[in-house]
Amino acid sequence: MGPVEWAMLLLLSVLWGGSFFFVGVAVRDLPTLTIMVLRVGLAALVLWGVIAVLKRPLPRNPRAWIAFLGMGVLNNLIPFGLIVWGQQTIASGLASILNATTPLFTVAVAGFLLSDERINGRKLMGIAAGFAGVVVMIGPGALSGLGTDVAAQFACLGGAVSYAFAGVFGRRFKRLGVDPVVVAAGQVTGSTLVLAPLALVIDRPWALAMPAPSTWAAIVGLAVLSTALAYILYFQILQRAGATNLLLVTFLIPISAIALGVLLLGEHLSGLEIAGMVLIGAGLLAIDGRVLNIGKRRSATSQATIRR
């Protein structure tokens, strides 16, 4: 990835890190499925509006429209449902650590299914360092819950696996020549079509009390920033840098969430959080590879000079 792709990845982590704040406000008045439907439904309206203004071409290949539905199931319905269900019985810290296994699964899935994203030692070392950084930053004590509520833990891991397959599945849109903004709109539209009937049956939203203005503001932020804009970036990065690099965002989200807490809520960084950030940074540098390549080139140049 180049500097532009890294900047896009960092911005995506901030947008998704902010979703925890928006959801935290919205759950005071609204049930989970209703929040999910409002999130993807409003995002779909925004994205189709952007497509109309920019006059982006729509795909004529029926396979693209079927793939939109598949992407919505893999990238929204399955992981959202599994992770929310898992978090009902396990601590959020442990759920975050389990979610941070997403790049590990992505390396395995992409390495097996994609010829241009093969597994190598540098990637594995970098991802291992990044995962260790997430564990350190959240707090090793969160791991004490491992082995209890096994079904909930496997549900969170299942969400990570689904994200990995979604990243690989989404590569087909580049081959089909579909614009990333159209892909983002198609995905959230597919998610809305699947989730809306479930929310109507389970949550019965017409029977809920009218949410507070702060809840509506949080829903708008969640839909426009953390979903519509975030998925435009998601599919741009996927087309430019591949599934493995894209899902490194999982390591950056905890950093963004903590940074937002420091900047907006006056929270203070702990030593463990700083150490975790350093480990994540080292892992990302290893995966990027350029720093290591510079060292190798300098070593080769020095050896060539000595021989002369």
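Because the structure is predicted, anything quoted here is derived from the model rather than measured.

A. The nonpolar core, seen in detail. In this structure, L12, W16, L47, Y231, Y234 and F235 are the most contacted members of the largest nonpolar core, which totals 62 residues. If one sorts the elements of this core by residue count, helix α10 (residues 213-241) sits on top with 10 residues. Filtering out sequence-adjacent residues up to four positions away, W16 remains in contact with R39, S226, A230, Y231, Y234, V249 and I253.

B. Layout of the pattern of salt bridges. In total, this model carries 2 salt bridges according to the counting rule given. One salt bridge connects E5 with R240, and the closest N-O pair in it is separated by 2.8 Å. Here the residue E5 occupies a position in helix α1 (residues 3-26), and R240 occupies one in helix α10, the gap between them amounting to 235 residues. Judged by relative accessible area, R240 falls into the partly exposed class, the value being 46%. D179 is the salt-bridge partner of R56, the closest N and O atoms lying 2.9 Å from each other. Within this pair, whereas R56 is found in the loop between α2 (32-54) and α3 (62-86), its partner D179 is found in the loop between α8 (172-175) and α9 (180-202), the two being separated by 123 residues in sequence. For R56, a relative accessible area of 29% gives the class partly exposed.

C. Looking closely at the confidence of the model for the protein chain. Taken as a whole, the protein chain shows an average pLDDT of 79; of its residues, 81% reach a score of 70 or greater. Looking at the elements of the protein chain, mean pLDDT is at its lowest for helix α14 (residues 290-307), recorded as 51, and at its highest for α2, recorded as 91.

D. The arrangement of the environment of P79 in detail. When you line up the elements, P79 lands in helix α3. It is 8.5 Å that separates the C-alpha atoms of P79 and A155, two residues lying 76 residues apart in sequence. Residue contacts for P79: discarding those within four places in its chain leaves V73, L74, G159, S162 and Y163.

Calculation notes
Residues numbered from 1 in each chain as written. Predicted model: local features only at pLDDT ≥ 70, side-chain atom pairs only at ≥ 80, totals over all residues. Heavy atoms only, no water. Core = buried A, V, L, I, M, F, W, Y, C linked by side-chain atoms within 4.5 Å. Buried < 20%, exposed > 50% of the residue type's maximum accessible area, 1.4 Å probe, protein only. Helix = DSSP H or I, 4+ residues; strand = E, 2+ residues; numbered from the N terminus. Contact = heavy atoms within 4.5 Å. Salt bridge = Lys/Arg side-chain N within 4 Å of Asp/Glu carboxyl O. pLDDT = per-residue confidence, 0-100.

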